[in-house]
Amino acid sequence: MSALYERAQRMRSTLWALILPPTIWAAHFLFCYVFAALYCAKAGTFAPLGVVRAAIALATAAALGVVLAAGFVAWAKSRIPGDPPPHDESTDEDRVRFLATATLLLAALSFVAIVFTAIPALMFEDCR
Amino acid sequence: MRAERSPDQDDPHVRAAQEARLREVWAPPRGFFLRWTDVNNTAVGVWYTLTAIAMLLFAGCLALVIRAQLAFPGSELVSASTFNQLFTLHGSVMMFLFAVPIFEAVSILLLPQLLGARDLPFPRLSAFGYWSFVVGSVFVAGSIFFDAAPDGGWFMYPPLTTEPTRTGIGADIWMLGLSFIEVAAIAAAIELIVGVLKCRPPGMRLNLMPLYAWYVLVVAVMILFAFPPLIAGDVLFELERLLDWPFFDASRGGDPLLWQHLFWIFGHPEVYIIFLPSVALFAMIVPTFARRHLLGYPWIVLAAVGTGFLSFGLWVHHMFTTGLPSISLAFFSAASEAVVIPTGVQIFVFIATLWAGRVIWSTPLLFGAGALAIFVVGGLTGVMVAIAPFDWQAHDTYFIVAHLHYVLIGGAVLPLFAGLYYYWPMVTGKKLSDRLGRLAFWMIFVGFNVAFFPMHIAGLAGMPRRVFTYPEGIGLDLLNLLSSVGAFVLAAGIAVVLVDLMLSPRRARCARNPWNAGTLEWLARPEESWGVRSVPLVESRYPLWDQPGFVARHDEGRFFLPDAEEGKRELMISSVLDAKPLQVGRIGGPTATPLLAALTLGGVFILTTFHLWLAAAVSGVLALGVILWWLWTGTSIVPEKETKHAGHGVVLPLYSSGPVSPGWWAMFITMTADATAFASLVFGYFFYFTVHAEFPPAAAPGLTGPGVFWPMAALGLFVLGWAATVGAREANARARVGAARALLTLAAAATFAGGLAGLAGPWSSGLAPTAHVYPAIVWVLAIWMAAHAAIGVIMQLYVLARSAAGRLTPVYDGDARNVALYMHFVAISAAVTFAVIAFFPELAA
């Protein structure tokens, strides 16, 4: 675990890392919507949603896994040695810690939003 | 050589000479005609803002006529047909000609100041966007005076609007006029993204950026993904209206729901595109009047970025009553509830900052606080309508009208008034009246609530939106009368603001930075158009508060680029994450080309509306000529020397190409928007596949094609054109200029042939686009690629000509790199297009 933690701290931080968690949300959301819409368009109004539910369960597990990983990296990087928040100095460390903190927050938001998206799969049984 | 040693900033004569040179370089053009050739953000930003406010007043007057008509039951003040035009134009003007342009306007005005930059990286592009906006808005807004305004509602649902016998020319005016405005919005987005990422002052790393810049960045990126689907929808819509291609005609395989999808993929993010920049103003105002740093800076970044993303997962909540499967509705309901989280976070951050500070209850803060109160009410009704079963009841009633006005007036209009009162001294050097401002605020606040709160009840009582009258005695009389009275009180409050603005020229000048704010924009002096005297070194989020002697050091030119030795307009280009200085960029000065480009390009759209094809084509050729002239004379200019001293021992290049240069970023961003529009068309193709049991339709004359041969030939030629362009870039960079020119010639020939081969597929198999939607969508994809081939050929030949003219060399090779980047995107589009139209029919069968 501590080896992973140190490796995460050494990773390069970019602006792309910031948008990774919400991008995963977007991909998961689109997958759920498109898969269900395609399935229901082709299988009919009363078709049971068994396949859709299984697909959404898999996609949700995968998406949450990636978001958790991104969140872990961000958490580790937000704790590299230096001052506590608000990270408002013009230094390399503060810029890294700021980006990591913002990424961690976005990962948390994305996690919740992905769970929200998956809930309908628990509630609905057919395409009506 | 003056530039080689640091000038003596202690010497007042040196400083005065620097100031004289800066003043001359940044002087606005004078004279009745020439003044309109100005491109500096301080001029264009002001024009842009005033024009957008004029549009607000125009659309507000339309609303007053609507409320006058609805004040009493059975009123005959205006006819049903005029009423349709009134509400359609009110919504369209408010959304497209006020709300989005005011964001662009205010950002063009403020952003360079916030970043301590002298201007944005492409000032002429800003001017082009502004003139496009003027031409388009005069065209669209003026139509009502000829009884020709659009009348199908601001979201223009087909099939009502695609049927020329039911809706007159108004629908064309809407589509073509607003498409042109959308081009201006994308131009502004490019300008603002590159401005935020590449034009920050040294030291202003991402963690020190003013929050306004974060919001601008998010909103501009949202524009890139939100507007192109609407542009794609507009293309399909106009092809149906002008050429009878049945994209939304269910009797020939089309589907009106596709328009709703494309419209709302734009339309919902649009709400946040309007809302976030206004919150951004609030994020600047709150710290000033709380007298402390904003709390929770990363939380605001979370809110801006999170809202930006989630807002793209909400569009179907406008379509809850269209009969989509319940599980689809539920996904969008879930996302609509999730977006409450980041929206709430930023409101709590503002409250916490005010709580932790020593609050000064100024007029701007009063407007801001009132705005938040109204917005929260709109947000709460939003949570209600995001729940599908509630929406089934409230859909298309006055409840929705009330909800959207609470959101938009609370979320966008009132914060803009806060910004107006806050930033007026920065732009004009004079404060507005606190007495009139407070009076106006209370009139607007009370008038607004009296006008719009009863609409919730009217809606729940069953009053549908967009009815031009209602019968007496069904419980709507008093509610409507109240709404109308409130609307006029609201309008009177806005009139008070106007009086306040009119009185401003007669008032005495106020002190610089009258609010004692901490951010860079308050370095500005309204009488100087150079933006900043010297580009500052930033070490804090609030440098005016935290860096001792900051203003004096700036004013005495002790930071970077305090001079304009070569008589050129210059700005600092820096790195994305850490704002390390990379280049001294040179930008264009006053010129009429943006104005001419906007007029000629506007001509294409306007003349097409009236089916004047030949005149439209002539206008298009003129537009192309003007744009090429603009590029040839004003971009990628080879500098007279390689480097320049920027001050403090920093020596920077005067030219850059590839990913460090602003031009490369602009191309990348443009092509991202282009790729989004392309993806929307491909989405259309597959959308038709989902709605039909058999798609492509069964073999029949006119419905079969385009085969495999021609699409694959086209793909091969496109790939050849791409490879040759990339090869030319590499050969040029290795000083093999002859080989580069030969490869460019090959590239142009291959790309040209590729475009033709793409058209040959549907042509040779006789696909008939008016017969069914399948041939129509295949044709559209092929034409899309042919148009991109044509633009690619022009670019390749342009680079060839630049090389021949000595304006492109192995070192100064920006054009070659940018065109190669364009061709990357074209090659990817070609691969998708031709693979889909060639192989999907067989796959689906």
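Note: the structure precedes this text.
Here the structure is a predicted model, which is why all the values come from computation and not from measurement.

What counts, and where the lines are drawn
- Residues numbered from 1 in each chain as written.
- Chains lettered and ligands numbered in written order.
- Predicted model: local features only at pLDDT ≥ 70, side-chain atom pairs only at ≥ 80, totals over all residues.
- Heavy atoms only, no water.
- Contact = heavy atoms within 4.5 Å.
- Buried area = accessible area lost by both parts, 1.4 Å probe.
- Salt bridge = Lys/Arg side-chain N within 4 Å of Asp/Glu carboxyl O.
- Helix = DSSP H or I, 4+ residues; strand = E, 2+ residues; numbered from the N terminus.
- Nonpolar A, V, L, I, M, F, W, Y, C, P; charged D, E, K, R; others polar.
- Disulfide = S-S within 2.5 Å.
- Buried < 20%, exposed > 50% of the residue type's maximum accessible area, 1.4 Å probe, protein only.
- Core = buried A, V, L, I, M, F, W, Y, C linked by side-chain atoms within 4.5 Å.
- 1 Å grid on protein atoms, 1.4 Å probe; cavity = no way out; pocket = protein on both sides within 12 Å on 5 of 7 lines; lining within 4 Å.
- Points joined across faces, edges and corners; volume = space filled by probe spheres on them.
- Polar contact = N/O pair within 3.5 Å; in protein donor to acceptor, adjacent residues only side chain to side chain.

1. Concerning the interface of chain A and chain B
- Chain A puts 44 residues into the contact, and the matching count from chain B is 45 residues.
- Interface area, chain A with chain B, both sides summed: about 3,700 Å², of which 78% is carbon and sulfur.
- Across the chain A-chain B interface, the total number found is 2 salt bridges.
- Within the residue set of the side of chain A that touches chain B, elements represented by two or more residues are α2 (15–43) and α4 (92–123) of chain A.
- Of the residues forming the side of chain A that touches chain B, the biggest block, 16 residues, is contributed by α4(A).
- Among the residues forming the side of chain A that touches chain B, the class breakdown is 29 nonpolar, 8 polar and 7 charged.

2. Focus on the state of the cysteines
Residue and element names in this part refer to chain A.
- All told, the structure shown has 1 disulfide over all chains when counted by the stated rule.
- With its sulfur 2.1 Å from that of its partner, C40 forms a disulfide with C127. Across the S-S bond of C40 and C127 the torsion is about -80 degrees, and the bridge reads as left-handed. Placement of the pair is C40 in helix α2 and C127 in the segment after α4, with a sequence separation of 87 residues. The same class applies to C40 and to C127, which are both buried.
- Here C32 is not cross-linked by a disulfide; its sulfur's nearest cysteine counterpart is in C40, at 13 Å.
- Given the relative accessible area of 0%, C32 is considered buried.

3. Side note on the nonpolar core
Residues and elements named next belong to chain B.
- W214, F247 and Y685 are the most contacted members of the largest nonpolar core, which has 302 residues in total.
- If we ignore the near neighbours within four places in the chain, the residues touching F247 are L236, L239, E240, G254, D255, Y688, V773, A776, I777 and V780.
- Core analysis: the next-biggest nonpolar cluster, separate from the first, contains 9 residues, L22, V25, W530 and A564 among them.

4. A closer look at the environment of B:A579
All names here are of chain B.
- Checked against the element boundaries, A579 lands in the loop between β1 (570–574) and β2 (581–586).
- Residue A579 is classed as buried on the basis of its relative accessible area, which comes to 1%.
- Spatially, the C-alpha atoms of A579 and F266 are 33 Å apart, while their sequence positions differ by 313 residues.
- Contact partners of A579, with chain neighbours within four places excluded, come to R200, P201, P202, G203, M204, R205 and S574.

5. A closer look at the pattern of salt bridges
All names here are of chain B.
- In total, this model carries 32 salt bridges over all chains according to the counting rule given.
- Across the pair R558 and D10 runs a salt bridge whose closest N-O atoms are separated by 2.8 Å. Taken together, the residues span a long stretch of sequence, with R558 in the loop between α17 (550–555) and β1 and D10 in the segment before α1 (12–25) at a distance of 548 residues.
- R558 sits in the partly exposed class, given a relative accessible area of 23%.
- Here R586 ties to E640 by a salt bridge, and the two come within 2.9 Å at their closest N and O atoms. With R586 in strand β2 and E640 in the loop between α19 (613–634) and β3 (643–647), this pair connects stretches of sequence that are 54 residues apart.
- In the salt-bridge network here, residues are joined through shared partners; they are E19, R23, R509, R525, E527, E528 and R533.

6. A look at empty space enclosed by the protein
Residues and elements named next belong to chain B.
- Applying the stated criterion across every chain, the model contains 9 cavities of 30 Å³ or more.
- Its boundaries defined by the atoms lining it, the largest cavity holds a volume of some 110 Å³.
- Taken together, 15 residues form the lining of the largest cavity, with L211, M284, T519, R541 and Y542 sitting closest to its centre.
- Classifying every residue of the lining of the largest cavity by side-chain character gives 11 nonpolar, 3 polar and 1 charged.

7. Regarding the environment of B:S504
Residues and elements named next belong to chain B.
- Mapped onto the secondary structure, S504 falls in the loop between α15 (477–503) and α16 (543–546).
- When the C-alpha atoms of S504 and T428 are compared, they prove to be 8.7 Å apart, with 76 residues separating the residues in sequence.
- Discounting residues that sit within four places of it in the chain, S504 has contacts with W424, K430 and L432.
- One polar contact links S504 to W424, side chain to side chain, over a distance of 2.9 Å.

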